[in-house]
Every structure is written in structure tokens, then in C-alpha cells.
Amino acid sequence: MKKGGMFLIEDISHDEVFTPEDFTEEQRMFAKTTEDFIETEVMPRMAEIESLKEGVMRELLKKAGDLGLMMVDIPEDYGGLGLDRVTSSLITEKLAKGGSFSVSFGAHTGIGALPIVYFGKEEQKKMYLPLLAKGELISAYALTEAGAGSDALACKTSAVLSPDKRYYILNGEKQFITNAGFADVFIVFAKIDGEKFTAFIVERNLNGVSTGIEEKKMGIKGSSTRAVNFENVYVPVENLLGEEGKGHVIAFNILNLGRLKLGAGSVGAAKSCINEAVRYAKERVQFGKPICDFGLIKHKIGEMAIKTYVAESMVYRTASMIDENIKDIKGEDREANIKRIKGIEEFAIECSIAKIFGSEILDYVVDEGLQIFGGYGYIEDYPMERYYRNSRINRIFEGTNEINRLLIPGLLLRRALKGELPVLTVAQKVLQNIVSSTGTTEPSGEPFSTEKSILRNAKNCLLFCAGSAFQKFGEGISEEQEILGLIADMAIEIYAMESAFLRTLKSIRRNGEERSQTKILASNVYIYDSIKRVEDMAVKILSASSEGDMLRTQLSMLRKLMRHLPANTIIMRRKVADKIIENGFYNV
């Protein structure tokens, strides 16, 4: 089984990573089917969706089920297709243009159905999964409460066993529940006897289940978002999901896949925004020529495309690593699914990175896309206004980006202390090498050796800084959230750089440099810009961890470690933009 987080301490070969250029014909077929569905069924009804016209969302979800799009993550034994995470992520990417529809779809097929897939008893799977796969039942995930958002274990919803021991009696209120207005089934988390955090499958038609009014949201207006109330709801004991007191295992593990898919959806939305912005920039004439001919507009288009290329590279790399980890696990029994969950959980760090990076580059893309549209971008009749509003929720969904930033170094440290990931050992070696003047990886003179050495030095830089911070604060580092956030951001930049670089190398080996020019330019711009961000973060961490002569010595080591010749990223970015403008759509 592969280990998550290893990208920080070892060099990865381009042969080991999956890239979008590796999609199979079957995966491309699913992508095309999804694109056609969005264009022919969803987009023509966007006004109805956004106005929450009754029955429309449910009707469209059922049509998606009829096409097989909702069956991908459900095993064949229970009416699904049992396909891989790469295919599932690709479908999520292609759905993203549908905005609110993609949110409702994702809530149903992901966090709404996967708890039953991975943690359901045989009888539960047989009862619910075939109907969920077809869209005949719609599911929702009820975790958040008014006083328990990021701190999910602080929930107040209670469950007590009835005197005859046939039911759990639920009382409480969940908040901001997607699909609440029409869902048939809720995955509900409550504390048995006020202590044991547990998951339940709760059907809507049970007495005592009710929903509040639709929330009036800034974006994703067409997805149903309501509070769900439980007042003395008698839930059959057979509907307890997983194990009593182990609801956190379900909640947190299901969110890992949700974060990966959120990254994929962000990529899809970013591509759609780029396409709209490029089309408009080619049509909009100012000062006698299309605005796409102006340098600052090219900078925007180039940067939008580069960030999207990087996000796309990391999403499918991560999805494939998960697939590789669980591909040989057979069967659908409890033991097999425990192994699958462990295989998925192994890449929790990378899933959080995909979520953070994807959601933040999408915010960048929609902001610059709206800027390209100018005043028209602010008008509801133009697409950028909707993209802009819809984008903002992604940094809150599936655990806020702040929580995910704390998860990354937290998991790294926990695995290091358990001996599962030799981070601290490697960090000590890096420090020794830097002190002895061998810490800097020098370019070999081979093609792309400079970029490879920058990447290696960035990894050494993170280990050097993290080691310095841990020496200063010890276990108390868990209270130094600003430093942990910087360590997380360095890890994100490294995974982003490496994912794009390895994808580009793989393309070169397969297609040659000439046919890979746009990829080369995109990955190089990102690497040269990223390393400066990494260096700035490193200075902040060292300054918070040391002072006086020790700090001066460490900063001197840092300068030596990060030394490299700059590149002309202005012209590189402009060339990427020129290619996108020539094509008329995103195509790196």
C-alpha cells in the first residue's frame, strides 16, 4: 500500500503518476455523456433551477440516474457500476458547469450515499443503494448544527434507546443541509445518551422529521438548503449506520473523498470560466482591437489557465493513487470496506490539498474572469456573475480551508510520531546536509534539471523549517496555528509544483517537447513563481522559531538552499495565454 505524504520526502518518477492524458476510452465516454447532459438538460433550465422551481431538481437528478451517472460509486452488487475514483472525479469535473445542480448531485452521490456504501450493513445496502443509484431515492448528509460546524463532535442532536429497545429516539436540529427540501433519506449524526457520536439512516417519512424554510443564499441558489428538525423521531435500531460511538469514523473518512471531488469540481468550473472569459475577450473591442490583445488581459488568461492546469494535475494524480491503493480489495463485506477506507484515508493530506488549492484557484479564476468582462460581469444576464457567486462556498464546504490547513501538518506530525512517515528523520538529515553545505540540489545540466532541483530544494526547505519550528515549540506547536498554516501552504505549493512538473515530463516522454510546449510553459511559470512564495513562507516560520544569531544563521542557510536563476515568466505566461486565445478555450 502506498503512503500518503511521501511526496514531501522522496522523489517521484513521472511514470508513477496518472494524468488526464491517461484517461481511458470508457472514462472519456462518461465525460462526454456528462457534458452532453449538462448542455442539453441542465443549462436550458438554469433559470428554473436558480428559482428553486418545485420538482425540477429532482427531475434532473432522476434523468442523471437513468444515464448511469449516479451509479458510478455504488458497487455492482447493489445496482451500481462500481467504477474508480478517477472516473467519478471526471464526472464531477464535467458536472461543475451546472452550478447548483452539481451541488445537489454531489451531495447525493457523495456524502449522501457513500456512508452506506462503505459502512452499511448488508441489509441496508440492499434496501437503499439500488434506489439511490437510480435516483429513485435522494439522499442528504446531516452533520452540521448551529453550534457544531467545524467542531462536528460538539453536536447536540441526541439519540436514546427506547424502552423496548426497538428504536432510537432522535431529537435535535441540523443546519445548512443540502437537498433537505426533497431528500428521502438523511445520513444523520447524533450522540447516543449524549456521549456516543453515531450515524443513523433516517427516512424523511418518519413522524417527527421536518424541515425549515429554504435558506436565501449568496450563491448556489438552485440547491435546496434547509434546516432539518428531529422531534421524538423513532428510528429503527436496524438503521444505525456503522458502529455505535464510531460516527466520527464515517464523518471524517467520507469527507476525504468529498474534498477530492470538490477539487475536481473546482477544476471543471475554472475551465468553464476560462472559456467564457476568452470568448468575451476575443469579441470585446476597445481602443480599436480585441481586449485579448492587451498584455494585462493576457496575463490574466495565462495565469487562470496555469493555475487550472496545476489543480487538474493534482486532482487526478490523487484520485489515481487512491484507486491504486484499493484496486486489489475484493468483496463488499465489512472487512473489505475497512481496508478500502484505510486505503482512502492514507491520502487524506492530498485530498485536503486538492480541496484547498482547487477552491482557491477557482476563486482567483472567477474573480479575474469577471474583471475581464468588466461591468458586464456584474450583470445577472452574463455568466460570470453566477460563477462568481457560486464559487465562494467551496472554501467552506467539506471542512473550511482553515480546518484543512490544520489537518495537513497535524496528520504529518501524527504519522511521523507513530513512525509511519519518516519526516523527522529526513528533516534531521536535511539540516545536517545544509550545515555541511550539501543541502542545495544543483541542476545537472540535463533538460528541466533546474526545475527538478528547485522542487527538491523546496522539499528540503519545508523539512528544514518544520524541523526548526518543532524544535522550538515541541508538542506545543499544535497551538501555533499561524505556523501550521504556513507549513500547510508550503506542502500545498510543493504538491502543486510536483504534480504539474511530473505531468509535463510524462507528456514530453510521450509526445516530445514541441507538442508539450504549453504544458512546459505552464508548469515552469508555476514552479518559478511558487518557489518565491515558499521562500517567503520559510522566512516567516524561521523568524517565528528563532532569533538573534541563530536566526541570522538559518536565514543564511535558507538563501543558500533557495538560490537559483530567475526565469522570464512574463513571456512564458504570455505564450500560454496566446495558445488559449488561439484555441478559443482552455486546452493546456
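Note that the structure is a prediction, hence the values are computed from the model and not measured.

Draft legend 1. Region of interest: the environment of P75. With respect to the helices, strands and loops of the structure, P75 is situated in the loop between α3 (56-66) and α4 (85-95). Using a relative accessible area of 7% as the deciding quantity, one classes P75 as buried. Considered as a pair, P75 and V249 are 174 residues apart in the sequence and their alpha carbons are 21 Å apart.

Draft legend 2. Local environment of the environment of M6. Tracing the sequence through the fold places M6 in the segment before α1 (25-42). A sequence separation of 159 residues divides M6 from K165, and the C-alpha atoms of the two residues are 48 Å apart.

Draft legend 3. Expanded view of helix α7 (residues 122-134). Its 13 residues place the ends of α7 19 Å apart at the C-alpha level, agreeing with the 18 Å of an ideal helix rising 1.5 Å per residue. The largest bend along α7 measures about 35° and falls at Y128, with the proline P130 one to four residues further on. If you check which residues of α7 are buried, you get Q124, K125, Y128, L129, L132 and A133. In the segment just after α7, G135 is the residue with positive phi, at about 80°.

Draft legend 4. Local environment of the packing of aromatic side chains. If you walk through the whole model with that rule in mind, you get 15 aromatic pairs. Between the aromatic rings of F189 and F197, the centroid separation amounts to 5.6 Å while the plane-to-plane angle is 15°, which identifies the pairing as stacked. Residue class for F197 comes out buried when judged on its relative accessible area of 5%. Following the ring pairs from residue to residue traces out a cluster consisting of Y280, F373, Y376 and Y382. The positively charged end of R386 is found above the aromatic ring belonging to Y387, 5.3 Å away from the centroid.

Reading guide: rules and limits
What you see as residue numbers is a count from 1 along each chain, following the sequence as written. Per-residue local features are limited, in this predicted model, to residues with pLDDT of at least 70; the limit for side-chain atom pairs, both in listing and counting, is 80 or more; totals at the level of whole chains, interfaces and linings are taken over all residues. Calculation of side-chain values draws on the structure's entire complement of heavy atoms; hydrogens and water are dropped beforehand. Labels follow the DSSP assignment, with helices taken as runs of H or I lasting at least four residues and strands as runs of E lasting at least two, numbered in each case from the N terminus. Throughout, exposure labels follow a simple rule: accessible area from a 1.4 Å probe, protein chains only, divided by the maximum for the residue type, with under 20% read as buried, over 50% as exposed, and the rest as partly exposed. Each residue after the first adds 1.5 Å to the expected span of a helix. To get the bend at a given residue, fit one axis to the seven residues ending there, fit another to the seven starting there, and take the angle between those axes. Working definition: a ring pair exists when centres of Phe, Tyr or Trp rings (six-membered ring for Trp) sit within 6.5 Å. Plane angles under 30 degrees give stacked, over 60 give edge-to-face, the rest tilted. Cation placement over rings: the criterion is NZ of Lys or CZ of Arg within 6 Å of the ring centroid and within 35° of the ring normal.

In short, the description is geometric, and any link to function would need to be established separately.
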